[in-house]
Amino acid sequence: DRMTSNTRSIHEEDTTPQSQLAAEILAAAEPVQVLVSGLDPRNVPLTWAPEVLDAFTKMEKIAASGRLLMTGRAAEAGVWEAERFATPADWLAKQQGTTAGRARADLETSQRLGGLDATADAVREGRLSPEQAGAIADAAAVNPDAERDLLARAQQDSLRRTRQEAERRKAEVRSEEEKAARDKKVRDE
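Undergrad: Just give me the short version of the overall build of the chain, but keep the residues and values in it.
TA: Looking only at helices and strands, one finds eleven helices and zero strands in the chain. Along the chain, helices and strands appear, N-terminal first, in the series α-α-α-α-α-α-α-α-α-α-α. For the chain, the proportion of its 189 residues judged to be buried stands at 28%. Accessible surface, the chain: about 12,700 Å² in total, of which carbon and sulfur atoms supply 52%.

Here you go:
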């Protein structure tokens with residue numbers, strides 16, 4: 001069949017996974033790989049194109065969510081040291097085909113998600129991109145009261161506006177800390 005004849009199996013790319021979970025993830029990805037390998041955008045009716053793009057975007061968000069959730073745990077395994085990378089972010093960048101800066105941001109987000117149940121749940125449900133999760137986790141680490149508001153903002157607004165609101169919510173805490181420090185200094189004097 002035309003779609004499978006030019007398709008290399010996901011399992012052929014790497015060694016067979018040791019864990020059942022990794023094997024299940026790869027098995028779930030295989031039919032998508034078959035679809036993509038036979039995809040010629042010119043053969044997709046123009047009226048279907050936005051819907052097909054949306055379907056791929058949703059699938060990508062789900063896969064990115066799993067990757068983000070596992071990033072911190074994978075870095076803990078120490079493979080980056082065994083493979084002689086300078087930092088976990090350098091190893092992750094190589095694994096993901098991205099920059100060390102992007103990998104470092106994902107790693108920080110992944111680590112912060114452990115203490116942010118609502119954000120971690122939104123990631124698990126595929127409702128946040130890694131960038132949205134990063135903005136929320138960064139602000140919520142400084143201002144935990146902002147987490148729920150930022151989750152709602154991310155669902156209805158652009159990433160840029162979500163980031164702006166996250167920075168504003170972090171600044172609120174800094175302002176309060178600076179005011180408290182000034183008040184303490186005045187009392188001490």
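Let's pick the thread back up.
Undergrad: Give a detailed account of the confidence of the model for the chain, specifying residues and quantitative values.
TA: Looking at the chain as a whole, the pLDDT averages 89, with 90% of positions reaching at least 70. Note on residues 1-7: pLDDT is under 50 here. Beyond four places in sequence and across chains, it has ten contacts.

Undergrad: Could you give me a rundown of the environment of Arg169, with the residues and numbers involved?
TA: If you trace the backbone, Arg169 turns up in helix α11 (residues 159-188). In the structure, Arg169 is positioned 30 residues away from Ala139 in sequence and 6.6 Å away in space, judged by C-alpha atoms. Every residue in contact with Arg169, bar those within four places of it in the chain, is listed here: Asn143, Asp145, Ala146, Asp149 and Leu150. A distance of 3.1 Å separates polar atoms of two side chains, one belonging to Arg169 and the other to Glu172.

Undergrad: Residues and numbers for the pattern of salt bridges, please.
TA: Tallied over the entire structure, the rule returns 18 salt bridges. As a salt-bridge pair, Glu165 and Arg153 come within 3.9 Å of each other at their nearest N and O atoms. Here Arg153 lies in helix α10 (residues 147-156) and Glu165 lies in helix α11, a separation of twelve residues in the sequence. Assessed through its relative accessible area of 14%, Glu165 is described here as buried. A single network of salt bridges, built from pairs that share partners, joins Asp149, Arg153, Asp157, Arg161, Glu165, Arg168, Arg169 and Glu172.

Undergrad: I'd love a proper account of the packing of helix α8 (residues 117-124) against α10, names of residues and values included.
TA: Relative orientation and spacing of two packed helices are given, respectively, by the angle between their axes and the distance between those axes. It is at 9 Å that the axes of α8 and α10 come closest, and there the two elements cross at 25°. By the criterion of interaxial angle, the relationship of α8 to α10 is roughly parallel. In this structure, α8 uses Asp117, Ala118, Thr119 and Ala122 to contact α10, whose residues at the interface are Glu147, Arg148 and Leu151. Of the residues contributing to the contact of α8 with α10, the split by class is three nonpolar, one polar and three charged.

Undergrad: Pulling in residues and values, what's your account of the layout of surface pockets?
TA: Approximately 2,000 Å³ is the volume found for the largest pocket. At the level of secondary structure, the elements contributing two or more residues to the lining of the largest pocket comprise α2 (10-13), α3 (20-37), α4 (49-76), α6 (88-96), α8 and α9 (130-142). For the lining of the largest pocket, the leading source of residues is α4, giving 15 residues. Taken together, the residues of the lining of the largest pocket break down into 23 nonpolar, 13 polar and seven charged.

Undergrad: Can you tell me about the packing of α4 against α6, naming the residues and giving the values?
TA: Contact geometry for α4 and α6: axes closest at 10 Å, N-to-C directions at 135°. As the angle between them shows, α4 and α6 are arranged oblique. In this structure, α4 crosses over α6, and the sense of that crossing is right-handed. Counting all contacts with α4, which are made through Arg67, Thr71, Ala74 and Ala75, the residues of α6 involved are Pro88, Trp91, Leu92 and Gln96.

Undergrad: For the nonpolar core, give the residues involved together with the corresponding values.
TA: Among the nonpolar cores identified, the biggest contains 16 residues, and Val123, Leu128, Ile136, Leu150 and Leu151 are the most heavily contacted of them. At the level of secondary structure, the elements contributing two or more residues to this core comprise α8, α9 and α10. If we ignore the near neighbours within four places in the chain, the residues touching Leu128 are Lys61, Ser65, Thr119, Ala122, Val123, Ala133, Ile136, Leu151, Ala154 and Gln155. Core analysis: the next-biggest nonpolar cluster, separate from the first, contains eight residues, Ala75, Trp80, Ala89 and Ala93 among them.

Undergrad: Explain α4 to me, using residue names and the numbers behind them.
TA: In a regular helix each residue adds 1.5 Å, so 28 residues correspond to 40 Å; α4 covers 41 Å between its end C-alpha atoms and thus fits that length. Largest kink in α4: about 40°, centred on Met70. Inspection of α4 places Ala64, Ser65, Leu68, Thr71, Gly72 and Ala75 among the buried residues, and these make up the whole buried set. Contact partners of the buried residues in α4: α5 (79-82), α6, α7 (100-113), α8 and α9. Count one or two residues on from α4 and you reach Gly78, which has phi positive near 80°.

What counts, and at which threshold
- Residues numbered from 1 in each chain as written.
- Predicted model: local features only at pLDDT ≥ 70, side-chain atom pairs only at ≥ 80, totals over all residues.
- Heavy atoms only, no water.
- Helix = DSSP H or I, 4+ residues; strand = E, 2+ residues; numbered from the N terminus.
- Buried < 20%, exposed > 50% of the residue type's maximum accessible area, 1.4 Å probe, protein only.
- Areas by Shrake-Rupley, 256 points an atom, 1.4 Å probe, with all protein chains shown as cover.
- pLDDT = per-residue confidence, 0-100.
- Contact = heavy atoms within 4.5 Å.
- Polar contact = N/O pair within 3.5 Å; in protein donor to acceptor, adjacent residues only side chain to side chain.
- Salt bridge = Lys/Arg side-chain N within 4 Å of Asp/Glu carboxyl O.
- Axes fitted to C-alpha atoms, helices over the stretch in contact; angles between N-to-C directions.
- Parallel < 35°, antiparallel > 145°, perpendicular 65-115°, else oblique.
- Nonpolar A, V, L, I, M, F, W, Y, C, P; charged D, E, K, R; others polar.
- 1 Å grid on protein atoms, 1.4 Å probe; cavity = no way out; pocket = protein on both sides within 12 Å on 5 of 7 lines; lining within 4 Å.
- Points joined across faces, edges and corners; volume = space filled by probe spheres on them.
- Left-handed = near helix turned anticlockwise from the far one by under 90°.
- Core = buried A, V, L, I, M, F, W, Y, C linked by side-chain atoms within 4.5 Å.
- Expected span 1.5 Å × (residues − 1).
- Bend = angle between axes of the 7 residues up to and from the residue.

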